[in-house]
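# Understanding the architecture of this molecule
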Amino acid sequence: MNFFYYDIAVGLPLRQCFTYKSKDIIKKGERVVVPFGNKSIIGIVVKKVSKPKSLKGLKEIIEITDDHIAFDKSEFKTILWASDYYHHPIGEVFFSFLPTLLRKKNDKTVKATGEIAKYELNEKDKNFKLTKEQSTNLDKLNKINRFDPSLIYGVTGSGKTEIYLQLAEKLIQKNKSVLVLVPEINLIPQLEKRFKNRFSGDIGVYHSRQTSNQRLKVWLRSKFGEIKIVIGTRSSVLIPLKDLGAIIVDEEHDQSYKQADGFKFSGRDIAIKRSQIEDIPIFLGSATPSLQTLKLVKEKKYKKYDLLRRVDGKKPPKLIPLDISESSMLGGIAAQTMDIINSVIKRGEQVLIFINRRGFAPLYECDNCGWVAKCSSCESNLVFHKSKNRLICHRCESVYRVNDSCPDCSSNEINILGTGTERVEEILKSTFKKVPIIRMDYDSTRLKGSIDAIYEEAEKSKQAILVGTQMLSKGHDFPKVTLCVILNADGGLLSPDINSVEKISQQLIQVSGRAGRNNNLAKVIIQTRYPNDENLKKIKTGDYQIVAERCLKTNKALDIPPYSNISILRAISPNPQIGIKFLDKAHKILKNKKNVDVIGPFPSIPFKVKGNTRNHLVIKSNTKTYLNRVLKFLTKEIENWPETKKVKWSYDIDPYDMS
Ligand code: ADP
Ligand code: ZN
Ligand code: ZN
C-alpha cells in the first residue's frame, strides 16, 4: 500500500504539527479530519513530508472535508508568517481565521452558497466634485497596482472615506474585490451605510458579534467570489476574498487593531503582510497615523498622500489649554469651563465632554483608616457605578456589592473620589436641568443596545451635552458640537507608558475633529494643571504632524519603538516565585546574546488575575529579524525546562501595553 505523509496543524495550543498518513494527494491548506487521542478533530494540512522520522504509530487521515481548499496560497503563507512572527502555535493561528463552524467536525463544508451579488454604482450618491486634493491623490492611488504601501493622511472631514469609495469603485470595475478594515465593531454600521448608498449589491460584514452562521456565510461568499466588498474588524483580515484587489485599513493608528489576549496579533500588520504576499496595494488611512507608519514614510518605504483641508472648507477648531491649577472644581469640571459650557448651551449649540474613565468615581475609600475597595481577583481599584449601585473592576469586569461601612474598621465615612462619565453626567444634569445630557461609554452603549440610538439622539436634539470616553473620538461626527472639553488630559500626558503621548495626542486631535462642522468658531478646551508641558504645546497647534515629529525624535533618542523592537515574555503562575524564577532563567539565557536588551522580571499590572500572579520580561532588539531568531531560540529552550510545566507563558510581540 502506498502512503503519503502530511504534517497537520490542529487547533490546540501546541507549537508543533503532527504527522499523519493518507492514500490521497492532499494540498496545503486543506481541512481534514484526523484521529487525535480518542477523538477525531479538524486539522489543516501544513505540508507534505517525504520521509517521516518514524513510521511507527502513524495514524491515517480519516477524511478530506471539502472540495475546495480552505486556505489558499496567500492566506496560507500569511498564516505561516504570522505563526512565526508572533511565535504563536500554528494550529491556533489557522483556527483564528477560520469561521467557528468550520473548526469543528460537522456537516459544514467549504462550498459556494449560490447567492451572487451584483454591484452597480449609485451615481446619485456621487453628485459632487472631488476637491483638488482628493482628485490628485485619487489619481495617484488608482495607479498603484501592486504592493506599495500608501498612507492616506487626511485630517477629519477631508474626504478620506470618499477616496475609499472611489478606490473600491475602480476595483469593482476591474472585477476585483476589496477588504476594508476598521478597528472597532462600532465603526462598521456607518461605513457600511456609506458603501450601501454608493453600491447596490451586498456588502459583506464580518466581526465577532455576528452569529457563527452569519460569519460562515460571509466567509464562503467571499471565497467563491459571490461578494466583492467586505468590511470587518481584525478577525476578517484573512477573509478569503476572491481576486482581492486591495486592502484598506481605516484609522490605521488605532490600538484596537491589536488583539489583547490569546493570539496577540495586530490586524493592521497582518493586513500589510497579506498585501505584500499577494502583491496588491494597501491603503492605510488616518488623521493621526501611528509613529510606526510615519517612520516608514520617512524611510521612503511607504508613500504618504496628504489631505490637509476639510471638504467643507472650514478651519479646524482651536485647541486651548486651560490652566485649572487654581480653579474650583466640580466633579472634574472647572468653574471657568462650566461658564463656557453655559454660554454655548445658551446659544443653542452642543458640547462634547471627553473623559477617559467610565463609571462614577474611580476610588472608593474609607476616610477613617484608608481602606480602598479593590478587586479580589486582580487587585485593581474598583470603580463605583452609581446607576447600578455596584463597584466594578474595569480590568476583569468583576462586580461587587457596595458596602456602606468600611470592612476593616466599620466606619461609615466612605469617600467617593475622582471622576468618571457617570459623575460628570450627574453634575451636568443638576446644573442644566432642561438640556439633554447624552452619555456615551461602554456601559451606556450596552444599555441602549446600540451606539446608533445615541447618535440619533444627538442628531435630533438642539442644544445638548455629550459626555463620553474615547468612544466619542472615533468615527462619528457631531456637526452641532461647537465646544469640546477634555477633562483629564494630564493623565495621558504624564503617564510613563512608552506610547502615552502618541496615544493622548491622537485622542485629542481625533476628538477635536468631531466638532464644528457647522461652525467656524468651534473650540476645544483642554483642562490641565501643566499648561507649559512641551507635548501639550505641540498638541495645541492642532497639527498632528508636529506632535508626531516630536514623538519620533524622542523615541529615537530613547531607542524605543518604532526605533527598536520590543517583545514581552509573560509568565502566569499561582505561586509568584515560580513565575519569577522562570523569567529569571530566560533572562540569564539571553544575557550573553549580542544586540538584545533584557529587562525584568517585573510584576505585571494587574498582578493578580483569578488567583494567578503575572510577571513579565521585556526583550528589546534593533532588528525585527534578529529578535525573531532570538525568541525562537528561547522558545526551544523554554520548552525543555521542567519548570515550564508550572507556568503559563506567552509572548506579546510589538506590545502596546508594557505593564
Ligand atoms: P473623512 O473620512 O476624511 O472624515 P468623508 O469622506 O467622510 O471624510 O467626507 C466628509 C463628508 O463630506 C461626507 O459627508 C462626504 O460625503 C462629503 N464629501 C466628501 N467629499 C466631498 C466633496 N468632494 N464634495 C462635497 N462633499 C464631499
Ligand atoms: Zn476603615
Ligand atoms: Zn478585577
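By convention here, each chain's residues receive numbers from 1 onward along its written sequence. For naming, the first written chain is A and the first written ligand is 1, with later ones following in the order written. Local features in this predicted model are restricted to residues of pLDDT 70 or higher, and side-chain atom pairs are both shown and tallied only at a pLDDT of 80 or more, whereas totals for entire chains, interfaces and linings draw on every residue. The side-chain values count all of the structure's non-hydrogen atoms but skip hydrogen atoms and water molecules.

As a further point, take the overall build of the protein chain. A tally of helices and strands in the protein chain yields 19 helices and 30 strands. Only C-alpha atoms enter the radius of gyration, while the globule expectation follows 2.2 Å times N to the 0.38, with N the number of residues. The globule rule puts the C-alpha radius of gyration for 659 residues at 26 Å, and the 27 Å found for the protein chain is close to it. Along the three orthogonal principal directions, the C-alpha set of the protein chain runs to about 85 × 70 × 45 Å. Think of it in three bands: with a 1.4 Å probe and only protein chains considered, a residue is buried below 20% of the maximum accessible area for its type, exposed above 50%, and partly exposed in between. Looking at the protein chain as a whole, 54% of its 659 residues qualify as buried. In this description, contact between two residues means that some pair of their heavy atoms is separated by no more than 4.5 Å. Of the contacts formed within the protein chain by residues at least 6 apart in sequence, a portion of 74% connects residues at least 24 apart. Just so you have it, the protein chain exposes about 30,300 Å², and 49% of that area is on carbon and sulfur atoms. Between the averaged position of the 110 positive side-chain charges in the protein chain and that of its 74 negative side-chain charges there is a distance of 3 Å. Helix numbers and strand numbers start at the N terminus; a helix is a DSSP run of H or I with at least 4 residues, a strand a run of E with at least 2. Here the Shrake-Rupley method, with its probe set to 1.4 Å, supplies the accessible areas, and only the displayed protein chains count as covering residues. Think of it this way: Lys and Arg go in the positive column, Asp and Glu in the negative one, and His and the chain ends go nowhere. Taken as the charge location is NZ of Lys, CZ of Arg, CG of Asp or CD of Glu.

Its place among the elements puts Phe-360 in the loop between β17 (350–354) and β18 (363–366). As a C-alpha pair, Phe-360 and Ile-416 span 56 residues in sequence and 8.7 Å in three-dimensional space. For Phe-360, the residues in contact, after removing those within four places along its chain, are Val-383, Phe-384, His-385, Lys-386, Ile-416, Gly-418, Thr-419, Gly-420, Glu-422, Arg-423 and Glu-426.

What follows covers the side chain of Asn-137. Here Asn-137 lies in helix α4 (residues 132–143). If near-sequence neighbours (up to four positions away) are discounted, Asn-137 is found in contact with Tyr-305, Asp-306 and Leu-307.

A cis amide bond links Pro-561 with the next residue in sequence, Pro-562, at an omega value of 10°. Examined against the element boundaries, Pro-562 turns out to sit in the loop between α17 (544–558) and β27 (565–573). At the junction of Gly-600 and Pro-601, the peptide bond is cis and its omega measures out at 0° in the coordinates. Residue position: Pro-601 is located in strand β28 (residues 596–609). One non-glycine residue with positive phi stands out, namely Glu-251, at about 50°. For Glu-251, the position within the fold is in the loop between β11 (244–250) and α8 (267–278). Its identity as a non-glycine residue notwithstanding, Asn-389 has a phi of 50°, on the positive side. Mapped onto the elements of the fold, Asn-389 is located in the loop between β19 (383–385) and β20 (390–392). For Asn-389, a relative accessible area of 41% corresponds to the partly exposed category.

The coordination sphere of the zinc ion (ligand 2), as far as protein atoms go, consists of Cys-366 (SG), Cys-369 (SG), Cys-406 (SG) and Cys-409 (SG), spread over 2.3 to 2.4 Å. Coordination at the zinc ion (ligand 2) is tetrahedral: its 4 donor atoms span angles of 105 to 114° at the metal. Here a donor is an N, O or S atom found within 2.8 Å of the metal, or within 3.2 Å if the metal is Na, K or Ca; sites may look incomplete because water is not among the atoms. Sequence positions of the residues that donate to the zinc ion (ligand 2) give the spacing C-x2-C-x36-C-x2-C. Judged by its relative accessible area of 41%, Cys-369 falls in the partly exposed class. A four-donor site is classed as tetrahedral when every donor-metal-donor angle falls between 85 and 135 degrees; four donors are called square planar, and six octahedral, when trans pairs exceed 155 degrees and all remaining angles lie between 65 and 115, with any other arrangement labelled irregular.

To continue, consider the pairing of β27. For β27, the buried fraction is high: 8 of the 9 residues fall into the buried class. Only when DSSP finds a minimum of two bridges between them are two strands counted as paired. As paired elements, β27 and strand β29 (residues 612–621) share 9 bridges and run antiparallel to each other. Bridge pairing in β29 places Ala-571 opposite Asn-615. Two strands pair when backbone bridges link them, and β27 and strand β30 (residues 648–653) are joined in this way by 6 bridges, in the antiparallel orientation.

Working definition: a ring pair exists when centres of Phe, Tyr or Trp rings (six-membered ring for Trp) sit within 6.5 Å. Plane angles under 30 degrees give stacked, over 60 give edge-to-face, the rest tilted. Counting across every chain of the model gives 17 aromatic pairs. Between the aromatic rings of Phe-76 and Phe-94, the centroid separation amounts to 5.8 Å while the plane-to-plane angle is 40°, which identifies the pairing as tilted. Remark: Phe-94 occurs in helix α2 (residues 90–96) and Phe-76 occurs in helix α1 (residues 73–85); sequence separation between them is 18 residues. Comparing Phe-76 with Phe-94 shows no difference in burial state: the two are buried. These aromatic residues form a ring-pair network of at least three members: Trp-81, Tyr-85, Tyr-86, Phe-97, Phe-263 and Phe-265. Throughout this description, the term charge over a ring refers to an Arg CZ or Lys NZ atom that lies within 6 Å of the ring centre and within 35 degrees of the ring normal. The aromatic ring of Phe-3 is capped on one face by Lys-21, whose charged end is 4.6 Å from the ring centroid. Above the face of the Phe-633 ring, Lys-593 is positioned so that its terminal group lies 4.0 Å from the ring centre.

What follows is about the site of ligand 1. Here a residue is considered near a molecule or strand provided that any single heavy atom belonging to it is located within 4 Å of it. Neighbouring ligand 1 are 15 residues; Lys-129, Gln-134, Lys-160, Thr-161 and Arg-194 lie closest to it. Throughout this description, a polar contact denotes any pair of N or O atoms lying within 3.5 Å of each other; where both atoms belong to protein, one of them has to be capable of donating a hydrogen while the other can accept it, and for residues adjacent in sequence the pair is counted only when both atoms sit in side chains. Measuring from an oxygen atom of ligand 1, one finds a side-chain N or O atom of Arg-194 at 2.9 Å. For ligand 1, the protein covers 73% of the area, taking 550 Å² as the surface of the free molecule. In terms of residue count, helix α5 (residues 160–173) provides more of the shell around ligand 1 than any other element does, 3 residues in total. Three residue categories are used. Nonpolar comprises Ala, Val, Leu, Ile, Met, Phe, Trp, Tyr, Cys and Pro, charged comprises Asp, Glu, Lys and Arg, and polar comprises the others, including Gly. Taken together, the residues of the shell around ligand 1 sort by class into 4 nonpolar, 6 polar and 5 charged.

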